[in-house]
Amino acid sequence: MIENFRRYTGLIIFVIALLLAGLIFTIDGGGGLGRGGNVNDPVEILVDGRGYRSSEFHKLGPSSRNLAMQLGLYDIVSTLGGFGGANEREADERFFVNRVNLRKAREEFGVHPDNDAVIALLKTMPAFQGEDGAYSQQNYNTIVTRGLGRMGLREEDLLDLVRDSIALRTLTRVIGGGLALNRRFAEESVIGNDQKVTVQVAKLDRTAYEEALQPTDEELTEAWETAKDKYLTDKRIKVSWVLASPAIPGTKVEDAPLPDTATEEEKKAAEEKKAAAEASLADEKRRLNNELAGLVDTFLDEIRNSEGKDFDKAAAENGWEVKTSETFPRAEMPADLNLTLRSSSDQRSVADYLFQLSESSDPLSRFTEALPVGENQWLIVRLDEAEEPRPKTFEEAKEEVRIDYIAEKGAENLKKDAEEKAAKIREALAAGKAFAEAAKEQELEVTSHGPLSAYDRPEDLPDATVIFQTAAFVDPGALADPVIRPDAALLVFVEKREIVKDENRPARIDGTITAQSSNQQRLAFAAWLDERLAAARIEYPRR
């Protein structure tokens, strides 16, 4: 299929030209596509006055975002803001608008990846590789013919996504490539890691500061009043679903019993008969799996065409049972829905898909795509009801408030005490006292460590990395500023520091500069994209 894409480039361009010619006559006078009166495909979003219909929004946004994650194109997902966290809908919209701006940038900077580049990248993707690690045309065909349809996509949408991913990498270099690099910073970074330090450490445990706190109800009420919007009930949903399973034969090909006197020819014939039976059974399983995939595609088409109204009817026609849950929060997923997704590249869970469903003006926002679960099963879920989170009352939130209050005040007291003790120890050091003696006067226990390198991880020193990084730029005989860790504060005194010789240091500095350059380019392009997003005029006509 990819080779056909390469071979018929001219024909594709000709067909696209015809399509564009036809579109000219369907563009209304309102300044863009998607403002017409197609009731079944209304305008979902407007970006800078240009309208995009629901089908176009889902194709360029949510469906492509999901496909990119399944294909491992995490750079485009991350850069376009597609890792949504708690709000998947916002992530979908952000991904869509950023992708629109990315395409505008392609035209502005003349970045147009050719077909050879698209094909080359496709062939490196694990999703399209066989067991031997080489590109598999069969895997590609399977995904294109069976996988894309369930997300409302076609092969050209896959190719466009890959093309945009290549363009993003090029634009990152173009927009961020003019930034000056700081070689001195790279040298200091490398040399900073090429040293060994000997240190003494005093530790203040946070637990002691938290245990000393006994907040009153008045204090907790005051804390709740200032942050009550933080304490919300869990979102609860009620859903209906179908779990489509192939009618796989449960039989297993068993070895045919042979008498002890069986000849080698008889044994060979029995093995060949068993192998043929196993091959036949495998063919039947593939046929049934393909048949089910076709039924699922048709089922999804019926849901889309009826805007979800025919969900129960279409399920009944296929002989699929529709199950309905009680209202539940994410932490109490029904056992029947606690299923594992087959896709190894998509890190989301079934719960992630369910709790991103929404009751919007778009009826299809209440449905998941066909989720691959179990062994060749497909799960399609409809949102029936949703109870959105609400602020908790004080009594409901009291225990959470108490925990947060103690954690916050404990951390404040820890930091304050660590700074006060550090100041007193510095005064003692200036007066000629040893660090251990000065720390003991502050009722602190001191431990000695080192020489430590940047890569040492002693079992008795879990904070070795942060201690080394703290000591790396402190003069011997001096106390570093207190290091505040999640569970403690560390006072690090540097006894000795020495630079380790390394003939390969110049090459490592060059490598650090290269890494700095790539990072600066990514940051510059992300900032540029953020500016475009902030400046975009975004409207939702159906809200």
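The structure presented is a predicted model; accordingly, all values stated were derived computationally and were not measured. (Residues numbered from 1 in each chain as written. Predicted model: local features only at pLDDT ≥ 70, side-chain atom pairs only at ≥ 80, totals over all residues. Heavy atoms only, no water.)

### Some points on the overall build of the protein
Line of reasoning, step 1. Scanning the protein from terminus to terminus reveals 19 helices and twelve strands.
Line of reasoning, step 2. In the protein, which comprises 543 residues, the share counted as buried stands at 40%.
Line of reasoning, step 3. Considering only contacts in the protein between residues 6 or more positions apart, those separated by 24 or more positions represent 72%.
Line of reasoning, step 4. Taken as a whole, the protein presents about 30,100 Å² of accessible surface, with 50% of it coming from carbon and sulfur. (Helix = DSSP H or I, 4+ residues; strand = E, 2+ residues; numbered from the N terminus. Buried < 20%, exposed > 50% of the residue type's maximum accessible area, 1.4 Å probe, protein only. Contact = heavy atoms within 4.5 Å. Areas by Shrake-Rupley, 256 points an atom, 1.4 Å probe, with all protein chains shown as cover.)

### Considering helix 7 (residues 115–122)
Line of reasoning, step 1. All of the buried residues along helix 7 are Asn115, Val118, Ile119, Leu121 and Leu122. Each buried residue of helix 7 sits inside an arc of 165° when the element is viewed along its axis, so together they form one side.
Line of reasoning, step 2. The N-cap of helix 7, judged by a side-chain oxygen 3.3 Å from the amide nitrogen of Asp116 a few residues on, is Asp114. (Arc of directions from axis to C-beta. Polar contact = N/O pair within 3.5 Å; in protein donor to acceptor, adjacent residues only side chain to side chain.)

### Topic: the pairing of strand 3 (residues 195–205)
Line of reasoning, step 1. The buried fraction of strand 3 is high, at eight of eleven residues.
Line of reasoning, step 2. Bridge count between strand 3 and strand 9 (residues 446–452): five bridges; the pairing is antiparallel. Within strand 9, the residue paired with Val197 across the bridge is Leu452. (Pairing = 2+ DSSP bridges.)

### Some details on the sheet that holds strand 11 (residues 488–499)
Line of reasoning, step 1. Strands sit in the order 9-3-11-10 across an open sheet of four strands; the sheet is antiparallel. The sheet is open, and its two borders are formed by strand 9 and strand 10 (483–484), each paired with just one other strand.
Line of reasoning, step 2. Across the sheet, helix 16 (residues 394–430) touches strand 3, strand 10 and strand 11, and the angle it forms with strand 11 is around 40°.
Line of reasoning, step 3. In the packing of helix 18 (residues 464–471) onto the sheet, contacts are made with strand 3, strand 9, strand 10 and strand 11, and the angle to strand 11 comes to roughly 60°. (Axes fitted to C-alpha atoms, helices over the stretch in contact; angles between N-to-C directions.)

### Remarks on the environment of Gly147
Line of reasoning, step 1. Structurally, Gly147 is set in helix 8 (residues 137–147).
Line of reasoning, step 2. For Gly147, a relative accessible area of 24% translates into the label partly exposed.

### Some points on the nonpolar core
Line of reasoning, step 1. Core analysis: the biggest nonpolar cluster contains 33 residues, and Leu67, Ile76, Leu122, Met125, Leu158 and Val162 have the highest contact counts within it.
Line of reasoning, step 2. Contributions of two or more residues to this core are made by helix 4 (62–71), helix 5 (74–79), helix 6 (88–109), helix 7, helix 8, helix 9 (155–176) and helix 19 (505–535).
Line of reasoning, step 3. Residues contacting Met125, with those up to four places away along its chain left out, are Leu71, Leu73 and Val162. (Core = buried A, V, L, I, M, F, W, Y, C linked by side-chain atoms within 4.5 Å.)

### Focus: the packing of aromatic side chains
Line of reasoning, step 1. Counting across every chain of the model gives eleven aromatic pairs.
Line of reasoning, step 2. Their ring planes at 50° and their centres at 5.7 Å tell us that Phe299 and Phe311 sit as a pair that is tilted. Taken as a pair, Phe299 in helix 13 (residues 264–305) and Phe311 in helix 14 (residues 311–317) lie far apart in primary sequence, twelve residues in all. A single burial state applies to Phe299 and to Phe311, both of which are buried.
Line of reasoning, step 3. Ring plane angle 25° and centroid distance 5.7 Å describe the contact between Phe525 and Trp528, whose orientation is recorded as stacked. (Phe/Tyr/Trp six-rings, centres within 6.5 Å; stacked < 30°, edge-to-face > 60°.)

### Describing the pattern of salt bridges
Line of reasoning, step 1. The tally for this structure, following the rule as stated, stands at 32 salt bridges.
Line of reasoning, step 2. For Asp164, the salt bridge identified is with Arg106, shortest N-O distance 2.6 Å. Of this pair, Asp164 sits in helix 9 while Arg106 sits in helix 6, and the two are 58 residues apart along the sequence. Arg106 shares its class with Asp164; the two are buried.
Line of reasoning, step 3. Here Asp481 ties to Arg426 by a salt bridge, and the two come within 3.1 Å at their closest N and O atoms. (Salt bridge = Lys/Arg side-chain N within 4 Å of Asp/Glu carboxyl O.)

### Let's talk about the side chain of Glu93
Line of reasoning, step 1. Along the chain, Glu93 falls in helix 6.
Line of reasoning, step 2. Within the structure, Glu93 has its side chain in polar contact with the side chain of Tyr540 (distance 3.0 Å).

### Focus: the confidence of the model for the protein
Line of reasoning, step 1. Taken over all residues, the pLDDT of the protein has a mean of 82, while the share at 70 or more is 83%.
Line of reasoning, step 2. Counting interchain partners and residues more than four positions distant, the pLDDT-below-50 stretch residues 1–38 has 41 contacts. (pLDDT = per-residue confidence, 0-100.)

### As for the packing of helix 12 (residues 217–226) against helix 16
Line of reasoning, step 1. The contact between helix 12 and helix 16 brings their axes to 9 Å, and the two run at 95°. By the angle class used here, helix 12 and helix 16 are roughly perpendicular. Facing helix 12, whose interface residues are Asp217, Glu219, Leu220, Thr221, Ala223 and Trp224, helix 16 presents Phe394, Ala397, Lys398, Val401, Arg402 and Tyr405.
Line of reasoning, step 2. Across the contact of helix 12 with helix 16, the residue classes tally to seven nonpolar, one polar and four charged. (Parallel < 35°, antiparallel > 145°, perpendicular 65-115°, else oblique. Nonpolar A, V, L, I, M, F, W, Y, C, P; charged D, E, K, R; others polar.)

### Let's talk about the side chain of Asp92
Line of reasoning, step 1. If you trace the backbone, Asp92 turns up in helix 6.
Line of reasoning, step 2. Setting aside anything within four residues of it in sequence, one finds Asp92 in contact with Phe57, Gly61, Pro62 and Arg65.

### Let's talk about the sheet that holds strand 12 (residues 538–539)
Line of reasoning, step 1. Judged by pairing direction, the sheet is antiparallel, and its three strands sit side by side in the order 2-1-12 without closing on themselves. At either end of the open sheet lies a strand with only one pairing partner, and these are strand 2 (50–53) and strand 12.
Line of reasoning, step 2. Bridge count between strand 1 (residues 43–47) and strand 2: four bridges; the pairing is antiparallel. Across the sheet, the residue bridging to Ile45 is Tyr52, located in strand 2.
Line of reasoning, step 3. Contacting strand 1, strand 2 and strand 12, helix 6 runs over the sheet at an angle of about 55° to strand 1.

### Here's the deal with the environment of Pro215
Line of reasoning, step 1. You can see Pro215 is positioned in the loop between helix 11 (206–211) and helix 12.
Line of reasoning, step 2. As a C-alpha pair, Pro215 and Arg402 span 187 residues in sequence and 7.4 Å in three-dimensional space.
Line of reasoning, step 3. Ignoring sequence-local partners within four residues, the contact set of Pro215 consists of Leu220, Arg402, Tyr405 and Ile406.

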